[in-house]
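# Residue-level structure breakdown
Below are the chains, spelled out letter by letter.
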Amino acid sequence: MSAISPEKASNTTQTAPKWRTAEVEALFALPFNDLLYRAQETHRKHFDANAVQRSTLLSIKTGGCSEDCGYCSQSAHHDTGLERESLLPLEEVVAAAKAARDSGATRFCMGAAWRGPKKQDLEQVSKMVSAVKGLGLETCVTLGMLQEGQAEQLKEAGLDYYNHNLDTAPEFYGQVISTHSQADRFDTLEKVRDAGIHVCCGGIVGMGESRRARAALVAELANMSPPPESVPINHLVPIPGTPLEHVADLDPFEFVRTIACARITMPASMVRLSAGREQMSDELQALCFLAGANSIFYGDKLLTAENPEAGRDEVLFSRLGLKAM
Ligand code: SAM
Ligand code: DTB
Ligand code: SF4
């Protein structure tokens, strides 16, 4: 069994966590140029600094989710006006994956608004994973909490990554989500790791959390043993009708700092500049790449929210001399 939660890691091995929150806070507090310099140094040791992976998202089951995540358009607890859709047919998913591949994505991530998948759901999703993998794309799914044996079933279908975020610091979690806990999240992450699937785990910033909470989230991610291979850093997309609709804006440099801290503390992980790009200037996104982000979501939609059109990203890549990974 892998020891994925920091508590379990320290219980079983008695070793100190790799990163204390205060140490990550000290990184956050560096002068901006010094922080970005350190992030670039780290980034260049592990990656081609001018290559960025393009990943396309598809919502395979939309809305009506039993969970009450305060940021989410898909929770049945909030009145967001989102139209619910049942699980998409296989052909529709394959067609979307082909289109994503043809427009230059190398990774395809399928998301479902479930607390967790039922047996029949997982059979369908497994077929989708195998078909998408067969197109030569890297596969990722995010389906909520997994039961015993479900991760193995996904591994068998050819799944490369399972996305399941810690989302925010433990001290802030209860203010945003009440229907499940971070301990539940660790339980699923451990199942994913034990099945030999790569872990994709990150969070959201800009939900009104403190800098200390951002540092605690980064430390928690970096202290997983091993750290997630893939770390999506989402900027809150404020959704009308959710409790976080009117949250105060985050200083954009604070978002860049979060990316830099993730890069420094998880040097070999893919750090993904995820939700929120539609609201960002090209200059802000360039700073995120400089801070060590090396993946974006590509295509005009995230799961339900807007994302920049592919054409805007093509122009941005060309202006920055970035190449696709
Ligand atoms: N239901 C599954 C779950 O919660 O793990 C999978 C889908 S859920 C939409 C995937 C992730 O999207 C969440 O963990 C959260 O980090 C991110 N997310 C959802 N709504 C968001 C929003 N409005 N702004 C930014 N990120 C968001
Ligand atoms: C992740 O961390 N971000 C992606 C992916 N994992 C599934 C999802 C972002 C969702 C943004 C809000 C929406 O589209 O509804
Ligand atoms: Fe459901 Fe995931 Fe949205 Fe939470 S984030 S309400 S679990 S779809």
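Let me sum up the structure you'll find in this document.

So, about the site of ligand 2. Looking at ligand 2, there are 13 residues lining it, with Asn165, Asn234, Leu303, Thr304 and Ala305 nearest. A distance of 3.2 Å is found between a nitrogen atom of ligand 2 and a side-chain nitrogen or oxygen belonging to Asn163. Between ligand 2 and the protein, one listed contact pairs an oxygen atom with a backbone N or O atom of Ala305 at 2.9 Å. Against a free-state accessible area of 400 Å², the protein chains account for coverage of 88% of ligand 2.

This part is about the packing of helix α11 (residues 282-290) against helix α12 (residues 310-320). The relative placement of two packed helices comes down to the angle between their axes together with the axis-to-axis distance. Taken N-terminus to C-terminus, the directions of α11 and α12 make an angle of 60 degrees; their axes are 11 Å apart at the nearest point. Taken together, the axis directions place α11 and α12 in an arrangement best described as oblique. For α11 against α12, the interelement crossing comes out right-handed. Between α11 and α12, the residues in contact are Asp282, Gln285, Ala286 and Phe289 and Arg312, Asp313, Leu316, Arg319 and Leu320, respectively. Classifying every residue of the contact of α11 with α12 by side-chain character gives four nonpolar, one polar and four charged.

All told, the structure shown has 18 salt bridges when counted by the stated rule. The closest approach of N and O atoms between Asp167 and Arg185, which form a salt bridge, is 3.8 Å. Remark: Arg185 occurs in helix α8 (residues 182-194) and Asp167 occurs in the loop between β4 (161-163) and α7 (170-176); sequence separation between them is 18 residues. For Arg185, a relative accessible area of 11% gives the class buried. In this structure, Arg312 and Asp282 form a salt bridge, with 3.2 Å as the shortest nitrogen-oxygen distance. In this pair, Arg312 sits in helix α12 while Asp282 sits in helix α11, placing the two residues 30 residues apart along the sequence.

Analysis parameters
Residues numbered from 1 in each chain as written. Chains lettered and ligands numbered in written order. Predicted model: local features only at pLDDT ≥ 70, side-chain atom pairs only at ≥ 80, totals over all residues. Heavy atoms only, no water. Near = heavy atom within 4 Å. Polar contact = N/O pair within 3.5 Å; in protein donor to acceptor, adjacent residues only side chain to side chain. Areas by Shrake-Rupley, 256 points an atom, 1.4 Å probe, with all protein chains shown as cover. Axes fitted to C-alpha atoms, helices over the stretch in contact; angles between N-to-C directions. Helix = DSSP H or I, 4+ residues; strand = E, 2+ residues; numbered from the N terminus. Parallel < 35°, antiparallel > 145°, perpendicular 65-115°, else oblique. Left-handed = near helix turned anticlockwise from the far one by under 90°. Contact = heavy atoms within 4.5 Å. Nonpolar A, V, L, I, M, F, W, Y, C, P; charged D, E, K, R; others polar. Salt bridge = Lys/Arg side-chain N within 4 Å of Asp/Glu carboxyl O. Buried < 20%, exposed > 50% of the residue type's maximum accessible area, 1.4 Å probe, protein only.

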